[in-house]
Amino acid sequence: MSKSSTGRGKNNKTRERSPNPGLYQQLQAIVSRLNALEDNSRSGIATVVERQPAVESSGSAGSAVVPCVVLASEQSTTPPLVPTPVPRVSADDCVAAEVAGKINVQISNTSKMYDKWVKLPMPLDFKIYVFNVTNRDAINQGEKPNLKEIGPYVYKQYREKIILGYGDNDTIKYNLKKTFVFDPVASGDLREDDELTVINFSYMAAIISVQEMMPAAVGMINRALEQFFTNLTDPFQTVKVKDLFFDGLFLNCEGDNTALDVPELFLMGLICGKIRAEKPPTMRISKSANGFYFSMFSHMNRTVSGPYEMVRGTENLSDLGHVISYQGKRIMSAWDDQYCGQLNGTDSTIFPPLEDGNIPEKLYTFEPDICRSLFASLVGKDTLFNISTYYYEISDMTLGSKSANPDNKCFCKRNWSVKHDGCLLMGVLNLAPCQGAPAIASLPHFYLGSDELADFFGDGIKPDKEKHNTYVHLDPITGVVIKGVKRLQFNIELRNVPSVPQLKEVPSGLFPLLWIEEGAEIPEWLRKEIMDSHTMLWYVDAARWLVLAVAVVAVLVSATLVARSAALIPWPRNSNSISFILGNSVNTSKVHS
């Protein structure tokens, strides 16, 4: 009886072992599948791992059940670390089994993301802070204004897009509908019936507009405005906040008359006729009386904005969400300039995923209420809710003066005060070309603005980055806003006009009415989806390297087993790799006792 060189004793039988002929092809197929899965994820599909029942491979009943990514199958007859043939699993099966919870960031009605984009799954917080005037009489005597901020009055803002159709170049057209509902719980002790004293925004807008067009007629037109505005004794008014926000403050046209024998009534008739013809969004025609209702936000609650035309990102993901036209315009004509009028960025509800090595320094959003795009500047990486984000915030260059930021010079079209043009001071934007009224936008409490703006007040203006900054935390993998806040303040000039009794003693300076905060953070259930999508991408990266490591080990183990079964030297004692690989011929004959 002969004895095998790998035998353990004369009564032991040794079973021959041969290498798995499909080993390398199987490993190569697994790595290719992982690469394809990662490519799909990074091209716009953030994968959420939802463990589903394993998918049976095609074949007879009782076939092995395997997941989409198989590193090794378990069979008791197989030596450890030597993979056995992997059952074939189709690409469709893989999608069903391992990629069941996809969040497709492209705007497609076949994706899970689409419904969330059309109708936000959670309301935004819309907060309003009002500047209450505490020394009304003193201001009328020329003293510095003292203000007290009251707020926030919190409204839940629900957003829904009305799809109008699809355009060329991978675009979608829609109108945006907003609905505001007062939240008494979030507002605390504040109520919509609260009465506050504020600057008379529409009155000052009318006076400033008339003075710029017909300075000699200001006194006469002011007498007409005394009929138009109730109890017009100074540039302030005491109002209920619900009337200022949404319900409206009544402006009287009852006495308007086109007869020339009463100049004041004739002029009031012209004013009312102009409002009827132009239909400014902040004015609503009264259904029960001859007049109008002025409010700051009712037009946002009763009408849709748009149409927007946005890139869907199905052809080029980096263009996802880019607004290319608004109300049919690709350039906002208000500024009479190609640069200032261009539409940059998204509508702030969606952004394209960020690419490693190509992180944008500026993040743009288009704001139709101010007829321009604004940008936030990259600060760096951050972590929020255990999610790695890129943090952007508004910089002083966004509303910088033309001396600080020459690119802003085309926003200086009309004077907003007797002292300055619209870009001389840091931190303000003249909205007159956009809204047709001499309103001025700024950040709350003139944050990032010129010191001159805050110095006009005795008390109540206190810029604070933590309270007044605008920022966004963006998930780079999906482009989802993890948390974001936009803040904007609306101002009007309080102007000394000697020919107007109500204004002849007041100081001149930019006066705030209110500021708004619009923001949201993703709810906990959506955070989990985002974190799971990150986990899947990490799993794909890790699995590729793990498979390669297993492949190396498997090759070595297989070679060792082959060497033992063929009576080769277990391991070469020289460094000649060729002799090790070739060696002697493999003896495949069985050993008999």
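As the structure is a prediction and not an experimental result, all values here were calculated from the model. (Residues numbered from 1 in each chain as written. Predicted model: local features only at pLDDT ≥ 70, side-chain atom pairs only at ≥ 80, totals over all residues. Heavy atoms only, no water.)

**So, the packing of helix α5 (residues 201–213) against helix α6 (residues 218–228)**
Here is step 1: Their axes nearest at 10 Å, the elements α5 and α6 cross at an angle of 155 degrees. Taken together, the axes of α5 and α6 lie roughly antiparallel to each other. Crossing geometry of α5 relative to α6 is assigned as right-handed. Contacts between α5 and α6 involve Tyr 203, Ala 206, Ile 207, Val 210 and Gln 211 on the former and, on the latter, Val 218, Ile 221, Asn 222 and Leu 225. (Axes fitted to C-alpha atoms, helices over the stretch in contact; angles between N-to-C directions. Helix = DSSP H or I, 4+ residues; strand = E, 2+ residues; numbered from the N terminus. Parallel < 35°, antiparallel > 145°, perpendicular 65-115°, else oblique. Left-handed = near helix turned anticlockwise from the far one by under 90°. Contact = heavy atoms within 4.5 Å.)

**Things to note about unusual backbone geometry**
Here is step 1: Here the bond from Gly 151 into Pro 152 is cis, since omega is 10 degrees, no more than 30 degrees from zero.
Here is step 2: Of note, Pro 152 is situated in strand β6 (residues 147–167).
Here is step 3: Here the bond from Gly 306 into Pro 307 is cis, since omega is 5 degrees, no more than 30 degrees from zero.
Here is step 4: Tracing the backbone through its elements, the reader meets Pro 307 in strand β13 (residues 305–311).
Here is step 5: Residue Asn 169 is not a glycine yet carries a positive backbone phi of 60 degrees.
Here is step 6: Looking at the element boundaries, Asn 169 is found in the loop between β6 and β7 (171–182).

**Brief notes about the sheet that holds strand β10 (residues 249–252)**
Here is step 1: With respect to topology, 3 strands assemble into an open sheet ordered β10-β12-β11, the strand pairing being antiparallel. The sheet is open, and its two edges are formed by β10 and β11 (283–285), each paired on a single side. Geometrically, the sheet is characterised by an average inter-axis angle of 35 degrees between neighbouring strands, direction not taken into account. (Pairing = 2+ DSSP bridges.)

**Re the nonpolar core**
Here is step 1: Tyr 153, Phe 228, Phe 245, Phe 297, Phe 511 and Leu 514 are the most contacted members of the largest nonpolar core, which has 108 residues in total.
Here is step 2: Ignoring any residue separated from it by four or fewer positions in sequence, one finds Phe 297 in contact with Phe 126, Ile 128, Phe 245, Phe 246, Leu 514 and Ile 516. (Core = buried A, V, L, I, M, F, W, Y, C linked by side-chain atoms within 4.5 Å. Buried < 20%, exposed > 50% of the residue type's maximum accessible area, 1.4 Å probe, protein only.)

**A look at the pairing of strand β20 (residues 471–474)**
A regular strand places its side chains so that they alternate between the two faces of the sheet.
Here is step 1: The side-chain alternation of β20 yields two buried faces, one formed by Tyr 471 and His 473 and the other by Val 472 and Leu 474.
Here is step 2: As defined by bridge partners, strand β17 (residues 387–394) adjoins β20 across 4 bridges and the pair is classed as antiparallel. Paired with Glu 393 across the bridge in β20 is Tyr 471.
Here is step 3: Here β20 folds back onto strand β21 (residues 481–494) in antiparallel fashion, the turn holding 6 residues, of which Gly 479 has a positive phi close to 80 degrees.

**Structural notes on the packing of α6 against helix α8 (residues 263–278)**
Here is step 1: Contact geometry of α6 with α8 gives a least axis separation of 8 Å together with a crossing angle of 70 degrees. Taken together, the axes of α6 and α8 lie roughly perpendicular to each other. Contact residues: α6 offers Met 220, Ile 221, Arg 223, Ala 224, Leu 225, Gln 227 and Phe 228, while α8 offers Pro 263, Glu 264, Leu 267, Met 268, Ile 271, Cys 272 and Ile 275.
Here is step 2: Grouping the constituent residues of the contact of α6 with α8 by class yields 11 nonpolar, 1 polar and 2 charged. (Nonpolar A, V, L, I, M, F, W, Y, C, P; charged D, E, K, R; others polar.)

**Let's talk about the confidence of the model for the chain**
Here is step 1: Confidence along the chain averages 77 in pLDDT terms, with 68% of residues attaining 70 or more.
Here is step 2: Across residues 537–545 the pLDDT falls below 50, and counting only partners more than four positions away or on other chains, this stretch makes 13 contacts in the model.
Here is step 3: Across residues 567–593 the pLDDT falls below 50, and counting only partners more than four positions away or on other chains, this stretch makes 18 contacts in the model. (pLDDT = per-residue confidence, 0-100.)

**Some words on α8**
Here is step 1: Between its terminal C-alpha atoms α8 stretches 22 Å, which fits the 22 Å expected from 16 residues at 1.5 Å a residue.
Here is step 2: Those residues of α8 not exposed but buried are Leu 267, Met 268, Gly 269, Cys 272 and Ile 275.
Here is step 3: Looking at the buried side of α8, the elements it contacts are α6, β10, β11 and β12 (291–294).
Here is step 4: Downstream of α8 by one or two residues, Lys 279 has phi in the positive range, about 50 degrees. (Expected span 1.5 Å × (residues − 1).)

**Observations regarding the pattern of salt bridges**
Here is step 1: Taken as a whole and judged by the stated rule, the model has 14 salt bridges.
Here is step 2: We note a salt bridge from Arg 487 to Glu 517, for which the minimum N-O separation is 3.0 Å. In this pair, Arg 487 sits in strand β21 while Glu 517 sits in strand β22 (residues 509–521), placing the two residues 30 residues apart along the sequence.
Here is step 3: Owing to a relative accessible area of 10%, Glu 517 belongs among the buried residues under this scheme.
Here is step 4: Through salt bridges with shared partners, a single network forms among Arg 159, Glu 367, Lys 486 and Glu 518. (Salt bridge = Lys/Arg side-chain N within 4 Å of Asp/Glu carboxyl O.)

**Section: the packing of aromatic side chains**
Here is step 1: Per the stated rule, a full pass over the model turns up 25 aromatic pairs.
Here is step 2: Relative to Phe 245, the ring of Tyr 155 lies with its centre 6.3 Å away and its plane at 80 degrees, an arrangement referred to as edge-to-face. In this pair, Tyr 155 sits in strand β6 while Phe 245 sits in helix α7 (residues 241–247), placing the two residues 90 residues apart along the sequence.
Here is step 3: For Phe 245, a relative accessible area of 0% translates into the label buried.
Here is step 4: Each ring, one from Tyr 364 and one from Phe 375, has its centre 5.6 Å from the other, and the planes form 55 degrees; the classification is tilted. Separated by 11 residues along the polypeptide, Tyr 364 in strand β15 (residues 362–367) and Phe 375 in strand β16 (residues 372–384) bring together distant segments of the chain.
Here is step 5: With a relative accessible area of 25%, Tyr 364 lands in the partly exposed category.
Here is step 6: Aromatic ring contacts, followed pair by pair, group Phe 126, Tyr 153, Tyr 155, Phe 180, Phe 182, Phe 245, Phe 246 and Phe 297 into a single cluster.
Here is step 7: Between Lys 161 and the ring centre of Tyr 174, over which it is positioned, the NZ or CZ distance is 5.7 Å.
Here is step 8: Above the ring of Phe 411, the side-chain terminus of Arg 372 is found at 3.9 Å from the ring centroid. (Phe/Tyr/Trp six-rings, centres within 6.5 Å; stacked < 30°, edge-to-face > 60°. Lys NZ or Arg CZ within 6 Å of the ring centre and 35° of its normal.)

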